[in-house]
Amino acid sequence: MKRILKIALVLMMALSLVACNASNDEPVNTDVNMKSYSLVQNVYGWGSSYSKIIVPVSFGADKDYVNPADYVVSVERLDKNGNSIGSGNRYVEAAYRSNAEGKNDDKGAYVTLDLAVSANLPIAQPYYNDPDALGGTLKAWATCNYTVTNKATGDSWNELDTVYHPDEAKFETAVFEAEKNIPYAYYEIADDGNKHPLVIWLHGAGSGGTDIGFVTGGMHVTKFVDEGIQEIFGGAHILLPQAETVWMDGVTSEEFDTMGHNFYTESLMALIEDYVKNHENVDPNRIYVGGCSNGGYMTVELARMYPDYFAAIFPICEAMMDFWVTDDDINAMKDIPTWFVHCVNDPVVDINMTADATYKRLVEAGAENIHFTRLETINDPDYGNAYGGHFSWIYSLRNLCSTDYNGEAVAVDGNPVSLYQWLAAQSK
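Residues numbered from 1 in each chain as written. Predicted model: local features only at pLDDT ≥ 70, side-chain atom pairs only at ≥ 80, totals over all residues. Heavy atoms only, no water.

### Comments concerning the side chain of His-220
Structurally, His-220 is set in the loop between helix 2 (213-216) and helix 3 (227-233). One polar contact links the side chain of His-220 to the main-chain carbonyl oxygen of Val-43, over a distance of 3.2 Å. Apart from residues no more than four positions distant in its own chain, His-220 is found in contact with Val-43, Tyr-44, Gly-45, Leu-397 and Arg-398. (Helix = DSSP H or I, 4+ residues; strand = E, 2+ residues; numbered from the N terminus. Polar contact = N/O pair within 3.5 Å; in protein donor to acceptor, adjacent residues only side chain to side chain. Contact = heavy atoms within 4.5 Å.)

### A look at the sheet that holds strand 4 (residues 84-90)
With antiparallel pairing, the 4 strands of this open sheet are ordered in space as 4-3-9-10. Where the open sheet ends on each side, the last strands, each with one partner, are strand 4 and strand 10 (156-157). In this structure, strand 3 (residues 71-78) lies alongside strand 9 (residues 143-150), joined through 8 bridges in antiparallel fashion. Looking at the pairing, Tyr-71 lines up with Asn-150 of strand 9. (Pairing = 2+ DSSP bridges.)

### Examining the sheet that holds strand 15 (residues 237-241)
The mixed open sheet is built from 8 strands, whose spatial order is 12-13-15-14-16-17-18-19. Edge positions in the sheet fall to strand 12 (172-176) and strand 19 (370-375), since each has one partner strand and no second. Taken pair by pair, the neighbouring strands of this sheet meet at an average axis angle of 20°, ignoring direction. Bridge count for strand 14 (residues 196-202) against strand 15 is 3 bridges, and the pairing is parallel. Bridge pairing in strand 15 links Ile-200 to Leu-239. Contacts from helix 5 (residues 294-305) reach strand 14, strand 16 (282-292) and strand 17 (312-316), with the element oriented near 140° to strand 16. (Axes fitted to C-alpha atoms, helices over the stretch in contact; angles between N-to-C directions.)

### Looking at the pattern of salt bridges
Evaluated as defined, the whole model comprises 12 salt bridges. One salt bridge in this structure joins Arg-361 and Asp-322, with 3.1 Å as the shortest N-O distance. A residue pair is termed long-range when its members are at least 10 positions apart, and Arg-361 in helix 7 (residues 355-364) and Asp-322 in the loop between strand 17 and helix 6 (327-333) qualify at 39 residues. Through salt bridges that share partners, Lys-80, Asp-130 and Asp-132 make up one connected network. (Salt bridge = Lys/Arg side-chain N within 4 Å of Asp/Glu carboxyl O.)

Structure below.
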């Protein structure tokens, strides 16, 4: 009997110790699927990648969950039809305790694994180019099935719970109904009694569709809402429209009698005017539009169709063929402050057939506030990934453009400026 009582006492003490540890030091996950995992999708120059994976754990003195070398993270990507489009292991750079959203927390009941990302790592990306959508021009979401195994503890997680999008969280989304419906994302400045500029960014061909996530996560447009960029503008509204197909839809290489016009211009302009109408603190004298590739084409299209509306334009690797631009267009556009950005070895959009030719005609017509950053190569300043020459937006969206056609610094009132500093200084 004494032995039984002694055993009971020992068990009670052990349970009390466990409860104490659980409440004070080691949180216990309750009502959580212990086989589940969550992903964090971040946005980079090349687009989006899954950069973190978060797993719930039960910490204990005999288990160490924060050694990155103990983890094996494998993934298989499937297309919309369930066919495999790639598989492999992700490299784990770090492991640390966190909360459920992956934020560092020394007493958190989760472990977050930081995963290596790269422009040349498709198994890390949430989408793929859909061969059934404009011949592979548009994206589709991939089903990404992850399995996480801890070799030291024997734990495994393989059921997706949540995908977090912290970089895109500041954007709201809506759809503008017009002849061509335009999905869009936007970042608005609260009414503070002041007028604020509106910056419109037009995506490239790969971000078209009806899911605005292909725009907000398709390239580094999230930089527009970074504190440093917003500070340059003194707070700016950001508008990110989306074409259901591509902005150049309606233009064909065989039918040049269209002169480069498309199906979207009027509906897009109606969206812009509607946004301004419904945001009284937008400064109508400081509306700027820019975009890359297909979006650069649409930037020039808006400028030649509505030359009195915009305070400045910034076309990036723009795809408006110069022979579509008439002399009347040039005369209408020459007084719009303009900053071109293009890489000289762009293999997708020939700089000589587009931006270079149009720039020279604008200068010859008397354009004065016109600039052109000509890039030799494209390389990510953070990740060192060498891109093809078409990726000029790597520099423009990071506000890293500051040189003119002759290689000298662009200046405002005698002071060297970056692209966005120059843009913020323009007013009608």
